[in-house]
Amino acid sequence: MIDVLHRSLQPFTQRMSLALRVAVLTTMAVAATLGVVSMIVFVVVRAEFESSLDESMLRRAQAAVDAGLAEPEQFNQINPPLQRIADVQIFVVSGGTLFTNPANTDDQVAGAFKSYHELEVSLGEASQSMRTVNVKGTPYRVVAVEAGSGRALVMTQSMESIDYALKRLKVILLLCSAAGVALAGIAGWAVAANGLRPVRRLTAATERVARTSELTPIAVTGHDELARLTTSFNAMLQALDASQTRQRQLVADAGHELRTPLTSLRTNIELIGQAAENAEKSLTEEQRHEIMGDVRSQLEELTTLVGDLVELARDEPIARDPEPLDFSDVVTQAVDRVRMRAHHVTFDVQLESWMVFGEPQLLERAVTNLLDNAAKWSPPGGTVHVHLAGGALTVTDQGPGIDAADLPHIFDRFYRSSEARTLPGSGLGLSIVKRAAERHGGTVEVESPPGGGTTFTLELPSSDQA
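A few points on the structure. The model shown is predicted, which means the values in this text are computed figures rather than measured ones.

## A closer look at the packing of helix H11 (residues 327–339) against helix H12 (residues 360–377)
Turning to step 1, where the next piece is worked out: Between H11 and H12, whose axes approach to 9 Å, the crossing angle comes to 50°. Taken together, the axis directions place H11 and H12 in an arrangement best described as oblique. When you trace H11 past H12, the crossing you get is right-handed. The residues of H12 that touch H11, namely those facing Phe327, Val330, Val331, Gln333, Ala334, Val335, Arg337 and Val338, are Pro360, Leu363, Glu364, Val367, Thr368, Leu371 and Asp372.

## Focus: the pattern of salt bridges
Turning to step 1, where the next piece is worked out: In total, this model carries five salt bridges according to the counting rule given.
Turning to step 2, where the next piece is worked out: One salt bridge connects Arg339 with Asp336, and the closest N-O pair in it is separated by 3.7 Å. Of this pair, Arg339 and Asp336 both sit in helix H11, three residues apart, which is roughly one turn of the helix.
Turning to step 3, where the next piece is worked out: Judged by relative accessible area, Arg339 falls into the partly exposed class, the value being 37%.
Turning to step 4, where the next piece is worked out: A salt bridge links Glu364 to Arg337; the nearest nitrogen and oxygen atoms lie 3.1 Å apart. Here Glu364 is found in helix H12, whereas its partner Arg337 is found in helix H11, with 27 residues between them in sequence.

## Examining the sheet that holds strand S9 (residues 383–389)
Turning to step 1, where the next piece is worked out: The strand order S7-S9-S10-S12-S11 describes an open sheet built from five strands, whose pairing is mixed. Here the strands that pair on one side only, and so sit at the sheet edges, are strand S7 (346–351) and strand S11 (443–447). Mean inter-strand twist for the sheet, computed between neighbouring axes without regard to direction, equals 10°.
Turning to step 2, where the next piece is worked out: With five bridges joining them, S9 and strand S10 (residues 392–396) adopt antiparallel strand pairing. If you follow His387 over to S10, its bridge partner there is Thr394.

## Structural notes on the nonpolar core
Turning to step 1, where the next piece is worked out: In this structure, Phe327, Val331, Phe347, Val367, Leu371, Leu393 and Leu458 are the most contacted members of the largest nonpolar core, which totals 37 residues.
Turning to step 2, where the next piece is worked out: Counting residues per element, the ones that place at least two in this core are H11, H12, S9, S10, helix H13 (429–439), S11 and strand S12 (455–459).
Turning to step 3, where the next piece is worked out: Of the residues forming this core, the biggest block, eight residues, is contributed by H12.
Turning to step 4, where the next piece is worked out: Sequence-distant contacts of Leu458, defined by excluding residues within four places in its chain, comprise Phe327, Val367, Leu370, Gly391, Ala392, Leu393, Ala437, Thr443 and Val444.

## Digging into the packing of aromatic side chains
Turning to step 1, where the next piece is worked out: The tally for this structure, following the rule as stated, stands at one aromatic pair.
Turning to step 2, where the next piece is worked out: Geometrically, the ring pair formed by Phe411 and Phe456 is edge-to-face, given 6.2 Å between the ring centres and 85° between the ring planes. Taken together, the positions of Phe411 in the loop between S10 and H13 and Phe456 in strand S12 put the pair 45 residues apart, joining distant regions of the chain.
Turning to step 3, where the next piece is worked out: Judged by its relative accessible area of 14%, Phe411 is buried.
Turning to step 4, where the next piece is worked out: For Phe456, a relative accessible area of 2% gives the class buried.

## A word on H12
Turning to step 1, where the next piece is worked out: In this model, H12 (18 residues) spans 26 Å end to end at C-alpha, consistent with the 26 Å of a helix rising 1.5 Å per residue.
Turning to step 2, where the next piece is worked out: Taking burial as the measure, the 18 residues of H12 include 13 buried ones, the bulk of the element.

## Some points on the packing of H12 against H13
Turning to step 1, where the next piece is worked out: In the contact formed by H12 and H13, the axes pass within 9 Å of each other and the chain directions differ by 140°. Between H12 and H13, the angle is such that the two are oblique. The handedness of the crossing between H12 and H13 comes out as left-handed. Across from Leu362, Arg365, Ala366, Asn369 and Leu370 in H12, the residues of H13 making contact are Gly429, Leu430, Ile432, Val433, Ala436 and Arg439.
Turning to step 2, where the next piece is worked out: Its residues placed into classes, the contact of H12 with H13 shows seven nonpolar, two polar and two charged.

Conventions we followed
Each chain has its residues counted from 1, following the order in which its sequence is written. Predicted model: local features are reported for residues with pLDDT of at least 70 only, side-chain atom pairs are reported and counted for 80 or more only, and whole-chain, interface and lining totals are derived from all residues. Here the side-chain values reflect all heavy atoms present in the structure, with hydrogen atoms and water set aside. A fitted line through C-alpha atoms serves as each axis, taken over the contacting stretch for helices, and the angle formed by two N-to-C directions is quoted from 0 to 180°. For helices the rule is a DSSP run of H or I covering at least 4 residues; for strands it is a run of E covering at least 2, with both sets numbered from the N terminus onward. By the definition adopted for this analysis, an angle is roughly parallel if under 35 degrees, roughly antiparallel if over 145, roughly perpendicular if from 65 to 115, and oblique otherwise. Should the near helix be turned counterclockwise from the far one by less than a right angle, the crossing is left-handed, whereas a clockwise turn marks it as right-handed. Contacts are assigned to residue pairs with any non-hydrogen atoms lying within 4.5 Å of each other. Salt bridges are counted wherever a side-chain nitrogen of Lys or Arg sits within 4 Å of a carboxyl oxygen of Asp or Glu. Using a 1.4 Å probe on the protein chains alone, a residue whose accessible area is under 20% of its type maximum counts as buried, one over 50% counts as exposed, and one in between counts as partly exposed. Two strands make a pair as long as DSSP finds a minimum of two bridges between them. In plain words, nonpolar cores are sets of buried Ala, Val, Leu, Ile, Met, Phe, Trp, Tyr and Cys residues tied together by side-chain atoms within 4.5 Å. Two rings from Phe, Tyr or Trp (for Trp, the six-membered ring) form a pair when their centres are within 6.5 Å of each other. A pair whose planes differ by under 30 degrees is stacked, one over 60 is edge-to-face, and the rest are tilted. Under the convention used throughout, the expected extent of a helix is 1.5 Å for every residue step, that is, one less than its residue count. For this classification, Asp, Glu, Lys and Arg are treated as charged, while Ala, Val, Leu, Ile, Met, Phe, Trp, Tyr, Cys and Pro are nonpolar and the rest, including Gly, are polar.

Set out below in structure tokens:
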């Protein structure tokens, strides 16, 4: 019922507050319910009154027939005062004619108590009849019973007392319904206003976040659906706060990492500029080549750092450009790329075909980062072992290994161990590897035994499992 009322009143309640809409809908639902209940009560009581009166009148009419009052001699001797005391009037229908006691009522009034219902009873077509007529503004109940061949006894009784009782009942039901509707409206408003208090707190918190950017959690009260909504909102605030913290940390770390190559570039460019402006400070050919080599190295470092930052700053899902591919082909391309710049090491490559569903550019970048990392830490003449079997790619170097204190942080952004700070790199390569593994539903792990050498394992699900 509430849903039907909501749809019917929706054009009128769109501009109301939620609490007012709840109160209005509750009031309308209670009003409709009380209206239906009051109508049922009124109809049932009226039917019960009429049924009780009919039963009493039929019993008395049959007693009058048994007493012979339908016979002409007895009928004319009926005492009118006794009829008034009993609040009944008796008539006889015989041969289609209504016989009355002249001392009891006039013919005009008596004519209202004769109809085809009574004629059917007198003719034997019906055993009895019951109906209500209105005479001069007063309702009467009329019953007729058979009183012999071609004759019926008609008894009438005023329903004025019943009509008065029904009118009083109607007023009482109306007042009770009005009071119930008023109470329902007040209760609906109170319940809605109190129940929506957590929603108002959420609204105020949302407005505060939009106004001040403060991500302060809201106090959770109760264990109902609104408490769950508040808990979910707090979780969203915490996730947003963590995201902002990571964003600020990324910007700070990026600024720190960019400062060193930019400072070195500015220094070298200033040296070249001073040499060009002052002939006394001109550079030798060897110095010029050394400075240009430094500039190229710093530009490469900046390019790598910016590329890594762009990759980590992306937030697209894996559905960006996925395709089925053979992971062994991706590894082969990455090995060929790294071989061109890592001449001091040898690559031992053993690959098995493994079909995956993913993004080839991101996978190749992740594998390239693993190979570059292994080549960077391997000594001259060392070997980097690259094995792919069963969806697990292992890259093992012959370097000094990773300290146990550094292992938990090896995949963090911009994390560089004390030994790695003297070597080129941005500290983002392994973060990109972890990001690629997670976006493809895989994992990446690292093992570094005390004796030296480090093994990275990148495991991806097959295209059938993706």
